[in-house]
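Listed here are the chains, written in short residue letters.
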Amino acid sequence: MGPKNSTAPVHDRTKAGDSASPAGRLWDSASAYDSSVTSLADFHKWFDQQRTESHYAVERIPLSALSGWHSAPESGDLVHESGGFFSVSGLRVRTDFGRLRQWTQPVIVQPEIGLLGLLVKEFDGIPHFLMQAKMEPGNLNLVQLSPTVQATRSNFTGVHRGRGVSYLEYFIGPRRGTVLADSLQSEQGWWFLHKGNRNMVVETAEEVPLRPGFRWLTLRQLGELLREDHLVNMDSRTVLATLPLGPPGPRSAGGAGGDALRHSLMRSHTPGEASLHSFQEVLTLLTEARSRYRLEQRQVPLREVLDEGRWQRTDSGIARPDGRYFSVVGVDVHARRREVARWSQPLIAPVAGLSGLLVKRVNGVLHVLLHTRVEAGTLRVCEFAPTVQCSPAPHGQDASAHRSPFLEHLLSAPADRVRYDTELSEEGGRFLHAATRYLIVEAGDEVAVTEPPDHCWLTLRQVAALLRHGNYLNVQARTLVACANLALTARN
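Here the structure is a predicted model, which is why all the values come from computation and not from measurement.

Draft legend 1. Region of interest: the overall build of the chain. Secondary structure summary: the chain contains 12 helices and 24 strands in total. Burial statistics for the chain: of 492 residues in total, 62% are counted as buried. Sequence-distant contacts, at least 24 apart, represent 75% of the contacts inside the chain between residues at least 6 apart. For the chain, the accessible area works out to roughly 18,700 Å², and carbon and sulfur atoms hold 49% of it.

Draft legend 2. The pattern of salt bridges, seen in detail. For the structure shown, the criterion picks out 19 salt bridges. Arg92 serves as the salt-bridge partner of Glu304, at 2.8 Å between the closest nitrogen and oxygen. With Glu304 in helix α9 (residues 302-307) and Arg92 in strand β4 (residues 87-95), this residue pair connects regions lying 212 residues apart in the sequence. Of the residues examined, Glu304 reaches a relative accessible area of 26% and is grouped as partly exposed. Salt-bridge contacts for Glu169 lead to Arg211; the nearest nitrogen and oxygen are separated by 3.7 Å.

Draft legend 3. Looking closely at helix α8 (residues 279-292). Its 14 residues give α8 an end-to-end C-alpha distance of 20 Å, which sits within 8% of 20 Å, the value for a rise of 1.5 Å per residue. Looking at the buried positions of α8, the neighbouring elements they touch are β19 (365-374), β20 (382-385), β24 (455-459) and α11 (460-466).

Draft legend 4. Geometry of the nonpolar core. Membership of the largest hydrophobic core comes to 111 residues, with the highest contact counts inside it found for Phe129, Leu145 and Leu473. Of all the elements, helix α12 (residues 475-491) adds the most residues to this core, at nine residues. When sequence neighbours within four positions are dropped, the list of residues in contact with Leu145 reads Phe43, Phe47, Met131, Gln132, Ala133, Leu217, Leu222, Leu225, Leu231, Val232, Asn233 and Ser236.

Draft legend 5. Highlighting the side chain of Thr489. The residue Thr489 is located in helix α12 in this model. Of note is the side chain of Thr489, whose polar atom sits 2.5 Å from the backbone oxygen of Asn485. Contacts of Thr489, omitting those with residues within four sequence positions, involve Trp27, Ala30, Arg220, Arg262, Leu265 and Ala484.

Draft legend 6. How the structure looks around the pairing of strand β6 (residues 114-123). Most of β6 sits out of view: eight of its 10 residues are buried. Note that β6 and strand β9 (residues 149-151) share three bridges and pair antiparallel. Counterpart to Gly117 in the pairing with β9 is Val149. Judged from the five bridges that link them, β6 and strand β7 (residues 126-135) form a sheet pairing that is antiparallel. Residue pairing for β7: Lys121 is matched across the bridge by His128. Counting the residues between successive antiparallel strands, the hairpin from β6 to β7 contains two residues, one of them, Asp124, with a positive phi of roughly 55 degrees.

Draft legend 7. Region of interest: helix α7 (residues 260-268). The set of residues buried in α7 consists of Leu261, Arg262, Ser264, Leu265, Met266 and Ser268. Sitting at the head of α7, Asp259 places a side-chain oxygen 3.2 Å from the backbone nitrogen of Leu261.

Draft legend 8. Local environment of the packing of aromatic side chains. Under the defined criterion, the tally for this structure stands at 12 aromatic pairs. Residues Trp191 and Phe431 carry aromatic rings whose centres are separated by 4.6 Å and whose planes lie at 65 degrees to one another, so their mutual orientation is edge-to-face. Residue Trp191 is found in the loop between β10 (178-186) and β11 (196-203), and its partner Phe431 is found in the loop between β22 (418-425) and β23 (435-442); the two are separated by 240 residues along the sequence. Considered together, Trp191 and Phe431 belong to a single accessibility category, that of buried residues. Members of the aromatic cluster, each reached through a chain of ring pairs, are Phe43, Trp46 and Phe47. For the cation-ring pair, Lys121 lies above Phe123, with the distance from its terminal atom to the ring centre recorded as 5.8 Å. Above the ring of Tyr293, the side-chain terminus of Arg292 is found at 4.8 Å from the ring centroid.

Draft legend 9. Structural detail: the environment of Val208. Looking at the secondary structure, you find Val208 in the loop between β11 and β12 (214-217). The class of Val208 is buried, set by a relative accessible area of 12%. Distance in space between the C-alpha atoms of Val208 and Lys121 is 8.6 Å, their sequence separation being 87 residues. Among all residues touching Val208, those that are not within four sequence positions of it are Leu119, Lys121, Leu130, Tyr167, Tyr170 and Trp216.

Criteria and cut-off values
- Residues numbered from 1 in each chain as written.
- Predicted model: local features only at pLDDT ≥ 70, side-chain atom pairs only at ≥ 80, totals over all residues.
- Heavy atoms only, no water.
- Helix = DSSP H or I, 4+ residues; strand = E, 2+ residues; numbered from the N terminus.
- Buried < 20%, exposed > 50% of the residue type's maximum accessible area, 1.4 Å probe, protein only.
- Contact = heavy atoms within 4.5 Å.
- Areas by Shrake-Rupley, 256 points an atom, 1.4 Å probe, with all protein chains shown as cover.
- Salt bridge = Lys/Arg side-chain N within 4 Å of Asp/Glu carboxyl O.
- Expected span 1.5 Å × (residues − 1).
- Core = buried A, V, L, I, M, F, W, Y, C linked by side-chain atoms within 4.5 Å.
- Polar contact = N/O pair within 3.5 Å; in protein donor to acceptor, adjacent residues only side chain to side chain.
- Pairing = 2+ DSSP bridges.
- Phe/Tyr/Trp six-rings, centres within 6.5 Å; stacked < 30°, edge-to-face > 60°.
- Lys NZ or Arg CZ within 6 Å of the ring centre and 35° of its normal.

Pasting the structure below:
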């Protein structure tokens, strides 16, 4: 998709905000150097205590030893005795995207909508976000920083018969605050079938009791923490990506002039700044891709997938004989501070991935390069993905089989062009040690503004407009948007 004109005007020319607007106040939070509520030094001390004093243990066990789980007699699907939570079933896929046109694979089926909520409150005029130290059995380091509320419907309706979900009352039922963001967003399309979560940000002026395991942090502090491996979890990152970061207010914008990258990032959120494409052109690119590519998905019994021989069940789990892509394993969990103190469950154990984003200043305005991508379990054929996404895909959509023309730009970029390079975990409640290297590289003149097919340069304001709705950006792209908005701001 080539730009008509590198100085084409943005069609949305709403008035820039000020510090009293939600966008201006959020930028103040992203620009505040530290917090009078919780300093970064105090946070690290507290977080280390959460990790060392909480007595968590996760042990790999055979699928046949999972308590409360069994293989359904007719389908062979792994299901929970309550009928809730999720199941591991089979998926048959036919598509004309990529090199392999049809295949079968195991897939997580979880039709319920989960809730990911961030609670916001001002302290000393600066918005702070209530974060929790949460244990998930699949996390590499078990405890990571999660949103205020991170719960499946089974969790907050009491299917697990455990303790209630803290702060749920701010997100469910009568409103106790102002909703700043609220949208349904997708999860990993290779491992889930049509899975989505409600992503909410709610601001309150009430006095909020601080419960054990929670701390208030600014957006700048979260930006710093996003640069640490396996600290801020996937659920936090996807909600942070949906924040309504519009034009910065005078207080946060005033200090931007001394740093060109930060200044171009803030201009990317400002109405009236030139973008390579109109918003309608962006929507048309995605709509055309959804109309052009074919994606047929049919849920089938897990036994049917195993009978075909490419996936096999052994005592250690379900995997391919060649060890590629991912496996399905069982774990037994002891977690004294979770809603339930002990349980067992299946997890997807994938190989490591790479997701990279090229950014480029065009006429002083930062643009990000996204591409449309079909994944096995995607709800609406395809979504915008990062510039490069080398996934553990069951049909070979990794770097060797579907090589992006921009992969070398990311992997061979000189150090002074690498703006972000951190290994982060995917969702630890369903995936075991799922690690992805996330990269943001600033492109120079060697990368043209004219895009190859299915690619598009967008401003961050255009990305934010897409994220007010669901199924436009996949979860890897949303992570990189959060990192671009917060981690780049924190360091520049």
